[in-house]
Amino acid sequence: MGRLSGPRPADAPETAPVSTAAPPTDSVGIVAPCRAHFDDCLTLQCGVTLGGFDLVYETYGTLNAERSNAVLICHALSGNHHAAGFHTPDDAKPGWWDTCIGPGKPIDTERFFVVGVNNLGGCDGSTGPVSANPATGEPWGAAFPTVTVKDWVRTQAMLADRLGVHRFAAVIGGSLGGMQAMQWAIDYPDRIANAIVIAAPPKLSAQNIAFNEIARHAIQSDPDFLGGRYYEADKRPRRGLMLARMIGHVTYLSDDGMGTRFGRELKSGDIGSAQDVQFQVESYLHYQGTSFSEKFDANTYILMTRALDYFDPALEFDGDLVSAVAETNARFLILAFSSDWRFSPARSGEIVDALIAARKDVVSAVIDSPHGHDSFLIYNERYFEVLGGYLDEALRRLDT
Amino acid sequence: MRRDLEIIAALIKPGARVLDLGCGSGELLHHLAQEKGVNGYGVEKDAAAISACVAAGVNVIEHDLDDGLARFPDSSFDMVVMTETLQAVAEPSRLIDEMLRIGDECVVTFPNFGHWRCRAQLATSGRMPVARHLPHDWYSTPNIHLCTFRDFELLVNEKGLPIIERFVVNGDHEFQAHINRFPNLFGTTAFYRLGRAPL
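Residues numbered from 1 in each chain as written. Chains lettered and ligands numbered in written order. Predicted model: local features only at pLDDT ≥ 70, side-chain atom pairs only at ≥ 80, totals over all residues. Heavy atoms only, no water.

## Considerations on the overall build of chain B
Helix and strand counts for chain B come out as 8 helices and 7 strands. Since a compact globule built from 199 residues should have a radius of gyration of about 16 Å, the 17 Å found for chain B is in line with a globular shape. Expressed along its principal axes, the backbone C-alpha trace of chain B runs to roughly 50 × 40 × 30 Å. With 199 residues in all, chain B has 49% of them scored as buried. In chain B, the share of contacts with a sequence separation of at least 24, taken over all contacts with a separation of at least 6, comes to 64%. Accessible surface, chain B: about 9,200 Å² in total, of which carbon and sulfur atoms supply 53%. (Helix = DSSP H or I, 4+ residues; strand = E, 2+ residues; numbered from the N terminus. Rg over C-alpha atoms; globule rule 2.2 N^0.38 Å. Buried < 20%, exposed > 50% of the residue type's maximum accessible area, 1.4 Å probe, protein only. Contact = heavy atoms within 4.5 Å. Areas by Shrake-Rupley, 256 points an atom, 1.4 Å probe, with all protein chains shown as cover.)

What follows is the structure in structure tokens.
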């Protein structure tokens, strides 16, 4: 399976030139993924027990002698462990959050020990639907058990134990990654000093779930999906996955952002040309959908969207978010983006309000950005100033 | 620390829960956290001020006061503070009601439009006063609801709110005898500590 390089920043060129130059000086440089195998039996929230599992991860920077400077980066729907740097000098693109992670960047690898992990159920090396089911010897496929954000947090904590990290200076994530940061604060109150929750709601709305269901249905209706057993037939539901991703991308951008970027520009300049793709925005969606369908696993996509849908940390507390965060000890940074309608600032505000009601330390900011939900991946002066400033202060606090 | 913030800090009990509306760079909350173990939150809409709060480790919520305070529950704070902001909000009267819904008490400070310099400028030149404590031209001022101390007290009386304490100071935030005799003429800034209307 091809390596996933994460969501493409919305303003990157569609075909990046292959570079043979040395990585830029603010890059973590060439990095290599590591694999951790766990023999432990893991009973998932759904009740299914895995006999063991692998997690693939990367680290950047150095763990200090006090082991107090570790930061965990949680990925979103289509991300993975490769958050920063390059795997080879020829890589066209760096890790998915390279804009934010590196020497002198907001998540400064000269001061923090940064851990990126591919979540359980992923398709970039960690145990997931692509892996062999020990009971059958065949790939799990759609039979891979349902995995929740809580399960991910638990396995991330097991990885932290393996790395000798008892307490993270910060757990950071955007979108689905932000939900993991929040779950960390709830499930491991003494193992996380700061929870940085970016562009994430406390749970999905019916509309959010509806978009996910359309994406799943697109995949499942593809004749090549074969009930999720497409590996054995040497097929892949590319058309379905492409459609799922196209729908996703519409929800990741804003109307204004799309208007600015694509407007109503025709691809060829002529109305009614024989071309399949007529408007620039179509070209963008086709490119995104096609490239994604070639590198991402359809069963993992379904699994990840399910994890999104099920996320609701308040559920165990009679639906009361204030009670859910009552025992947390982390300080929170909650960031949202003005044009994000998938997970709007108002949804982030629900988390902020619950934290205030529970008398927890919290900083919240709404960053003005035209890029919709994708904003969390894109450089923005104020976004980076707040995030970097918060982490600077967090480090000073940890040192004293 | 800013002298006016020192005056306010002295009014706050150790360990109190404080909400600071228009908290600026978070100076008051930082001081209260260090000196009095106060668990507080600032509310601010200015990006540079929010960054300053972040750097100081102050809890700050990005929020525009003109969007109301419905997100804060009843009686969730001991004290709600608002310095030099009342005159710049869209609905000052409603905001005072909201402050005392959220907090048991509130402290409000604002510049006095009844200061003798303002009166003299308006009377002699026939133009909108510009003074050290009111430095903007009429067309660019953020101060859209200016009032005098007397105006404010009339509103407070109408609402039936008890004035627990009142301090009036000059432009350097100093107390002076002549100000106390004629506060609405010589006072630049007033600090009103208000309680809830008795049931």
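## As for the interface of chain B and chain A
Contacts between the two partners involve 19 residues from chain B and, on the opposite side, 22 residues from chain A. Interface area, chain B with chain A, both sides summed: about 1,600 Å², of which 47% is carbon and sulfur. Linking chain B with chain A are 2 salt bridges. For Asp353(A), the salt bridge goes to Arg71(B), with nearest N and O atoms at 2.7 Å. For the side of chain B that touches chain A, the secondary structure elements donating two or more residues are strand 2 (39-44), helix 3 (47-56) and strand 3 (60-62) of chain B. Per-element tally for the side of chain B that touches chain A: the top contributor is helix 3 of chain B, with 6 residues. Looking at the side of chain B that touches chain A residue by residue, the classes come out as 11 nonpolar, 5 polar and 3 charged. (Buried area = accessible area lost by both parts, 1.4 Å probe. Salt bridge = Lys/Arg side-chain N within 4 Å of Asp/Glu carboxyl O. Nonpolar A, V, L, I, M, F, W, Y, C, P; charged D, E, K, R; others polar.)

## Digging into unusual backbone geometry
All names here are of chain B. The backbone of Ser-75 sits at a positive phi, close to 50°, despite the residue not being glycine. For His-173, which is not glycine, the phi torsion reads 60° and is therefore positive. Examined against the element boundaries, His-173 turns out to sit in the loop between strand 6 (163-169) and helix 7 (177-181). With a relative accessible area of 18%, His-173 lands in the buried category.

## Focus: the packing of aromatic side chains
For any pair of aromatic rings, the description consists of the separation of the ring centres together with the inter-plane angle of the planes. The full count for this structure, using the stated rule, is 24 aromatic pairs over all chains. For the ring pair Tyr383(A) and Phe384(A), a centre distance of 5.3 Å and an interplane angle of 70° mean the geometry is edge-to-face. Judged on exposure class, the residue Tyr383(A) and its partner Phe384(A) are both buried. Grouped by ring-pair contacts, the aromatic residues Phe337(A), Tyr379(A), Tyr383(A) and Phe384(A) constitute a single cluster. Lying across the ring of Phe38(A), Arg162(A) places its NZ or CZ 4.2 Å from the centre. It is Arg17(B) that lies over the ring of Phe77(B); its NZ or CZ is 4.5 Å from the centre. (Phe/Tyr/Trp six-rings, centres within 6.5 Å; stacked < 30°, edge-to-face > 60°. Lys NZ or Arg CZ within 6 Å of the ring centre and 35° of its normal.)

## Overview of the layout of surface pockets
Residue and element names in this part refer to chain B. The volume enclosed by the largest pocket comes to roughly 1,000 Å³. Residue lining of the largest pocket: 43 residues in total, with Glu-84, Gln-87, Pro-111, His-133 and Asn-143 positioned closest to the centre. Of all the elements in the fold, those that place two or more residues in the lining of the largest pocket are helix 1 (3-9), helix 2 (27-36), strand 2 and helix 5 (116-125). Here the residues of the lining of the largest pocket sort into 15 nonpolar, 17 polar and 11 charged. (1 Å grid on protein atoms, 1.4 Å probe; cavity = no way out; pocket = protein on both sides within 12 Å on 5 of 7 lines; lining within 4 Å. Points joined across faces, edges and corners; volume = space filled by probe spheres on them.)

Everything listed is a geometric property; what it means functionally is a separate question.
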